[in-house]
Each structure stands twice: as structure tokens, then as C-alpha cells.
Amino acid sequence: MKKHPTLETSQPTPKPEFDNKKVYKGGVLGLMALRAVKGKSGVLSEGVAKRIIAKDATVTGREISPDTMAKVERASKQTEYWHGTGRFQYRDGKVVDVLKGMIEQGGLLPHRDDIDLVGAMDSVSLARGRTYARAYADMHENGEKGERNGSALLWSAAFIGPLALKIAQEEKVWRSENRQRVKEHFGASNSAQWYKKVRQEPTGTLGIFARGSDIEDNYPILFGVKDGTVTPTKTSESVAVHEVRSTEPIGFSGLTHIEVPESRVLETQAMLMQVGYEVPVMAIEDFEAYASRQSFAEQVS
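Because the structure is a prediction, the values reported are computed rather than measured. (Residues numbered from 1 in each chain as written. Predicted model: local features only at pLDDT ≥ 70, side-chain atom pairs only at ≥ 80, totals over all residues. Heavy atoms only, no water.)

Even after reading the chapter, I still don't get the confidence of the model for the chain, so can you show me in this structure?
Keep in mind that low pLDDT regions are not for reading the predicted coordinates in detail. Across the chain, the average pLDDT comes to 85, with 84% of residues at 70 or higher. Predicted confidence for residues 1–9 stays below pLDDT 50, and this span has zero contacts to residues more than four positions away or in other chains. (pLDDT = per-residue confidence, 0-100. Contact = heavy atoms within 4.5 Å.)

Structure representation (C-alpha cells):
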């Protein structure tokens with residue numbers, strides 16, 4: 001009896017979480033950043049870094065008035081640390097309004113953080129540089145990404161490289177027992193469920209930066225913290241590569257400014273004025289245009 005060929009039903013190829021080329025280029029930037037922050041970046045490497053960022057930038061050509069540029073530059077110079085978050089997050093399976101909560105609570109309050117290998121603590125996580133905080137804030141972007149000087153995926157890949165290297169050095173992961181301990185730590189920490197802040201679908205770390213949030217109308221927010229406001233608490237050297245921790249609340253009086261997408265500036269100003277907070281609210285896109293004019297070393301420091 002003649003056998004009929006078996007029909008195979010083709011399964012749709014799952015969409016990749018991120019563009020590997022951007023991750024590779026981000027890794028190159030990360031290696032270059034290690035030299036740049038030490039003042040060892042030459043003209044050639046500076047040019048290469050800027051070209052990599054420019055090819056991934058969507059803010060190119062944005063026009064800013066001299067007055068706005070002066071305000072952005074002034075706010076940037078007055079800011080010592082940055083905090084990146086978003087308007088909404090998932091908490092216990094429910095969507096909460098992060099900005100509204102901060103306004104009601106009077107500022108940035110410490111939350112439980114168990115990612116650092118030195119131990120869990122209640123703290124506010126702050127970035128040493130704006131670009132790092134902006135990449136984290138952009139995890140909260142829902143839908144089409146705004147004008148940026150390099151994508152969140154590119155920059156996250158750039159920052160993760162030096163961080164991973166520092167963890168390897170600090171924890172001596174070439175020893176199998178240390179490597180296993182580090183693996184178990186991150187597996188048991190909140191980092192394993194990081195995606196749950198902004199997405200319901202399980203997503204890898206780099207995938208979160210690439211895909212953003214699935215919460216409707218969510219958007220990124222950055223807070224600039226005034227110089228001298230925070231006394232950093234002790235952390236591991238790996239965390240200290242890009243971040244500091246504050247175990248004390250940071251009130252609105254300790255902020256230089258707040259950044260939101262241009263379309264959300266008036267709304268945010270109204271929310272603050274309603275309760276009497278006088279904090280400048282500025283467009284993220286303007287700070288991105290300002291960043292595009294900075295040197296690579298300034299962007300990664």
C-alpha cells in the first residue's frame with residue numbers, strides 16, 4: 001500500500017526579544033567605556049563610540065532654543081545622582097501609579113532591594129550618570145519609543161558588560177563554588193523576577209530594555225537629585241560601578257528637576273502644583289538632544 005506523505009504543521013517562529021547586533025555594539029561601547037571613565041579614551045575611540053550611538057539615535061535633528069538648552073545644562077550640572085522609573089508598575093499583580101504615589105508620600109522612599117551581594121537593604125537606587133538611569137526608565141515605555149540618543153537596549157548592553165566584569169573580579173567567579181553562590185544569589189533575588197515590574201510575560205533582562213512595558217499609557221520618568229542631598233550607604237564594588245544607594249527618603253526639595261516625555265510635561269506640572277511642589281518638569285527629549293552633544297566619556301560617567 002502506498003504511503004501518503006505526512007503533513008507537517010509549521011509553527012510560527014517566535015519573535016526574538018531583542019536585536020543581537022545592538023547588543024554586540026553595546027558590548028563594544030561597554031569596553032570603550034571602561035577606558036573612557038579613566039580618561040584613557042583617545043580621539044579615535046571617541047569618534048567610533050559617537051558613531052555607534054548616532055546610528056542608533058532617534059533624537060538627531062531635534063531643535064532646541066538657546067534658553068531651553070541653558071536650562072537643561074544648568075539642571076544637569078546641579079544634579080549629582082539620577083533615579084529612573086516609570087509612571088506605572090505592577091505590584092502584587094496590580095497596576096499602581098508610581099508618580100501619584102511619590103507625590104502622596106512626599107518623594108522617593110526606600111524599598112526592599114536584595115540584588116546586591118552584600119545583602120538586602122531598604123534603599124533608593126540612584127544612578128551615577130543620567131544615561132544609565134534613562135535606560136532603566138525606558139523599560140517603562142509602552143508602545144513606540146520616543147526620541148533618544150541611543151536605545152535603551154544599546155545602553156543597557158554597554159553598562160551590563162563592565163558590571164558583569166566587576167562582579168567576576170569581586171566575587172572571584174573563576175572558582176566553581178563562588179560561581180555557584182553568585183548564580184544562586186541572583187536566582188533567588190528579585191532580579192530573577194525583574195520583568196514583573198513592567199511586563200506580565202516572562203522576559204529576559206535585555207528583553208525588558210528592548211520591549212519595554214505592556215502597561216497601557218506607561219512612560220519613563222527621571223528624577224534629578226541635588227548635589228549634597230544623599231549620603232550613600234555602603235554597597236558592593238560591583239553595584240558602585242554605576243549606582244549608589246540611599247537608605248534615607250529623598251523629598252521633592254532635594255530634586256533638581258523631573259523629566260518626562262514632552263507630551264506629559266503639562267500633566268505632570270499640574271499634578272505637582274496641585275499639592276504645592278515647585279520642581280521644574282522638563283522634556284526627556286531635550287536632555288537627549290543635550291546628551292548627543294556631549295562627549296562619550298561624559299555620557300558614561
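Explain the packing of aromatic side chains here, please?
Scanning the model with the defined rule gives three aromatic pairs in all. Measuring from ring centre to ring centre gives 5.2 Å for Tyr 132 and Phe 159, while their planes differ by 80 degrees; the resulting arrangement is edge-to-face. One end of the pair, Tyr 132, is in helix 5 (residues 130–138); the other, Phe 159, is in helix 6 (residues 152–171), with 27 residues separating them in the sequence. When sorted by exposure, Tyr 132 lands in the same class as Phe 159, which is buried. By the ring-pair criterion, three or more aromatic residues cluster together here, those being Tyr 132, Trp 155 and Phe 159. (Phe/Tyr/Trp six-rings, centres within 6.5 Å; stacked < 30°, edge-to-face > 60°. Helix = DSSP H or I, 4+ residues; strand = E, 2+ residues; numbered from the N terminus. Buried < 20%, exposed > 50% of the residue type's maximum accessible area, 1.4 Å probe, protein only.)

What should I look at first to understand helix 3 (residues 66–78) in this one?
Helix length check: helix 3 (13 residues) gives 18 Å between terminal C-alpha atoms against 18 Å at 1.5 Å per residue, within 8%. Here helix 3 has its buried residues at Met 69, Val 72, Ala 75 and Ser 76. The buried residues of helix 3 occupy an angular sector of 130 degrees when the element is viewed end-on, so they sit on one face. Counted as exposed and oriented over 90 degrees from the buried face of helix 3: Pro 66 and Lys 77. Turning to helix 3, the residues buried within the fold contact strand 1 (79–86), strand 10 (255–260), strand 11 (281–283) and helix 10 (284–291). (Expected span 1.5 Å × (residues − 1). Arc of directions from axis to C-beta.)

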